Amino acid sequence: QKEMDLPPRPELFEFHGVSMIHYFTDNWESVQNFQAKPDDIVIATYPKAGTTWVSHMLDLLYFGKCSPERGSSMPIFERVPFLEFCVPGLPTGVEVAESMTSSPRLIKTHFPVQFLPKSFWEQKCRIIYVARNSKDNAVSYFHFDRMNMVEPEPGDWPSFLQRFQEGKMVFGSWYDHVKGWWEKKQTNPKILYLMYEDLAEDMGRELDRVCSFLGLSLTEEERCKVIEGVGFDAMKKNSMTNYSTIKVMDFKISPFMRKGKVGDWKNHFTVSQNEQFDKEYKKKMTHTTLRFRTEI
Ligand code: A3P
């Protein structure tokens, strides 16, 4: 019944050299002409790298003290609009961002670096990029595409993994995405580059890095509250962060807050898939200083 109300799953197509689906390109003109404010903070990620985690963290940092009810009464996609989002029947990301009265605005995007609207660069906005190792990222993306009816059909795991390596995913190649933002960061001090694995290893340390980047200082009590609020179990339980209010996602197939682990790829990759993947990875990642950890 639920399936019947939904349009068919979208198809991938090439858009300015990147694989995309129409839900994230239909509003291209107004997204590209988006007027940033100097205090806007962008959260940029390849899908499934920890976007919601860092979005909730930043929201708690900025608004947890003055409006503690916000984190338990407003879904994450209203607190942190998804800039390029454009699905019929729902406000676009641009509309949500433009109607925001709280400041700073926290704005999420999955765009590769070359797609970010130019106003964010002109206004010298701060950007927090979050990256996740390719193997866990691919696994997480696979389960997400299985349960999310506005994503393309994932097919089976072997074919999905193959397409992941070819960059035939929504928002294109993981390799190009993480490298593109990494190169940009080398010359732009307004970009903070975080790793999912570091967040999982030591949230306190990463929170301190984020605060120093943003020029925030927390009391010990505030710091503990944020750390508690962004814990996997807390976010999984919280209907304002677990996407349970979204009807295009079928949690019977897989929940949004799925495992939250580093190294779950070991439960998915066969030995030969892993060898082939490593070989391909080496080739694609030769000319970069960017290094990931696939276990902690
Ligand atoms: P898994 O599918 O591996 O569980 P995004 O928000 O970019 O879509 O990323 C979703 C991934 O981040 C999911 O990974 C999800 O479980 C994980 N995640 C979300 N919140 C988390 C948290 N508080 N701690 C650890 N992982 C979290």
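Shown above is the structure to which this text applies.
Residues numbered from 1 in each chain as written. Predicted model: local features only at pLDDT ≥ 70, side-chain atom pairs only at ≥ 80, totals over all residues. Heavy atoms only, no water.

Chemist: Is there a simple way to explain the site of the ligand in this structure?
Modeler: By nearness alone, 18 residues border the ligand, and T51, T52, S140, Y196 and K259 come closest of all. Here an oxygen atom of the ligand sits 2.6 Å away from a polar atom, N or O, in the main chain of K259. At 2.8 Å from an oxygen atom of the ligand is found a main-chain nitrogen or oxygen belonging to G260. When the ligand sits alone it has 570 Å² of accessible area, and the protein chains cover 97% of it. Of all elements in the fold, only α3 (51-63) and α14 (232-237) reach the threshold of two or more residues within the shell around the ligand. The biggest single contributor to the shell around the ligand is α3, with three residues. In terms of residue class, the shell around the ligand is made up of eight nonpolar, six polar and four charged. (Near = heavy atom within 4 Å. Polar contact = N/O pair within 3.5 Å; in protein donor to acceptor, adjacent residues only side chain to side chain. Areas by Shrake-Rupley, 256 points an atom, 1.4 Å probe, with all protein chains shown as cover. Helix = DSSP H or I, 4+ residues; strand = E, 2+ residues; numbered from the N terminus. Nonpolar A, V, L, I, M, F, W, Y, C, P; charged D, E, K, R; others polar.)

Chemist: Looking at this model, I keep getting lost on the packing of helix α12 (residues 203-214) against helix α13 (residues 220-229). Mind explaining?
Modeler: A packed helix pair is summarised by two numbers, namely the angle formed by the two axes and the spacing between the axes. Following both chains from N to C, one finds α12 and α13 inclined at 115 degrees, their axes separated by 11 Å at the closest point. The two elements α12 and α13 cross, and the hand of that crossing is right-handed. On the side of α12, the interface is formed by M203, G204, R205, L207 and D208, while α13 contributes R223, V226 and I227. In terms of residue class, the contact of α12 with α13 is built from four nonpolar, one polar and three charged. (Axes fitted to C-alpha atoms, helices over the stretch in contact; angles between N-to-C directions. Left-handed = near helix turned anticlockwise from the far one by under 90°. Contact = heavy atoms within 4.5 Å.)

Chemist: Can you help me understand the environment of N27 in this one?
Modeler: Tracing the backbone shows N27 in the loop between β2 (18-20) and α2 (28-32). For N27, a relative accessible area of 15% puts it in the buried group. With 67 residues separating them in the primary sequence, N27 and V94 have C-alpha atoms 8.6 Å apart. What N27 contacts, discounting residues up to four positions off in sequence, is C86, T92 and V94. Within polar-contact distance, the side chain of N27 engages the side chain of S30 at 2.6 Å. (Buried < 20%, exposed > 50% of the residue type's maximum accessible area, 1.4 Å probe, protein only.)

Chemist: Would you explain the pattern of salt bridges in this entry?
Modeler: Charged atoms that come close allow side chains of opposite charge to pair. Evaluated as defined, the whole model comprises 21 salt bridges. Across the salt bridge formed by E222 and K65, the nearest N and O atoms sit 3.0 Å from each other. Residue E222 is located in helix α13, and its partner K65 is located in the loop between α3 and α4 (70-73); the two are separated by 157 residues in the primary sequence. Judged by its relative accessible area of 65%, K65 is exposed. For R205, the salt bridge is made with E206, and the minimal N-O distance between the two is 2.9 Å. (Salt bridge = Lys/Arg side-chain N within 4 Å of Asp/Glu carboxyl O.)

Chemist: Help me understand helix α8 (residues 134-147), please; the structure alone is not making it clear to me.
Modeler: Since the α-helix advances by 3.6 residues per turn, residues separated by three or four positions end up pointing in the same direction. For α8, which comprises 14 residues, the first-to-last C-alpha distance of 20 Å matches the rise-based estimate of 20 Å (1.5 Å per residue) to within 8%. Within α8, 13 of the 14 residues are buried, which leaves the element mostly enclosed by the surrounding structure. Near the N-terminus of α8, the side chain that reaches the backbone nitrogen of K135, with its oxygen 3.1 Å away, is that of N133. (Expected span 1.5 Å × (residues − 1).)

Chemist: Honestly, the packing of aromatic side chains in this entry has me stumped. Any pointers?
Modeler: What characterises a pair of aromatic rings is the spacing of the ring centres plus the angle enclosed by the ring planes. Under the definition given, this model contains 36 aromatic pairs. Aromatic pair F15 and F115: ring centres 6.2 Å apart, planes at 90 degrees, arrangement edge-to-face. Residue F15 is located in strand β1 (residues 13-15), and its partner F115 is located in the loop between β4 (106-109) and α7 (118-122); the two are separated by 100 residues in the primary sequence. Residue classification places F15 among the buried positions, given a relative accessible area of 15%. Ring geometry for F34 versus F120: centroids 5.6 Å apart, planes at 20 degrees, classification stacked. Of this pair, F34 sits in the loop between α2 and β3 (41-45) while F120 sits in helix α7; the two residues are 86 residues apart in sequence, bridging distant segments of the chain. The exposure classification of F34 matches that of F120, with both residues buried. It is R132 that lies over the ring of Y196; its NZ or CZ is 3.8 Å from the centre. Sitting over the ring of W121, K184 keeps its end group 4.5 Å from the ring centre. (Phe/Tyr/Trp six-rings, centres within 6.5 Å; stacked < 30°, edge-to-face > 60°. Lys NZ or Arg CZ within 6 Å of the ring centre and 35° of its normal.)

Chemist: Even after reading the chapter, I still don't get the pairing of β3, so can you show me in this structure?
Modeler: When you tally the buried positions in β3, you get five out of five residues, the bulk of the element. Residues I41, I43 and T45 line one face of β3 and the alternating positions V42 and A44 line the opposite face, and both faces are buried. Here four bridges tie β3 to β4, and the two strands are oriented parallel to one another. Residue I43 lies in a different strand from β4, and its bridge partner there is K108. (Pairing = 2+ DSSP bridges.)

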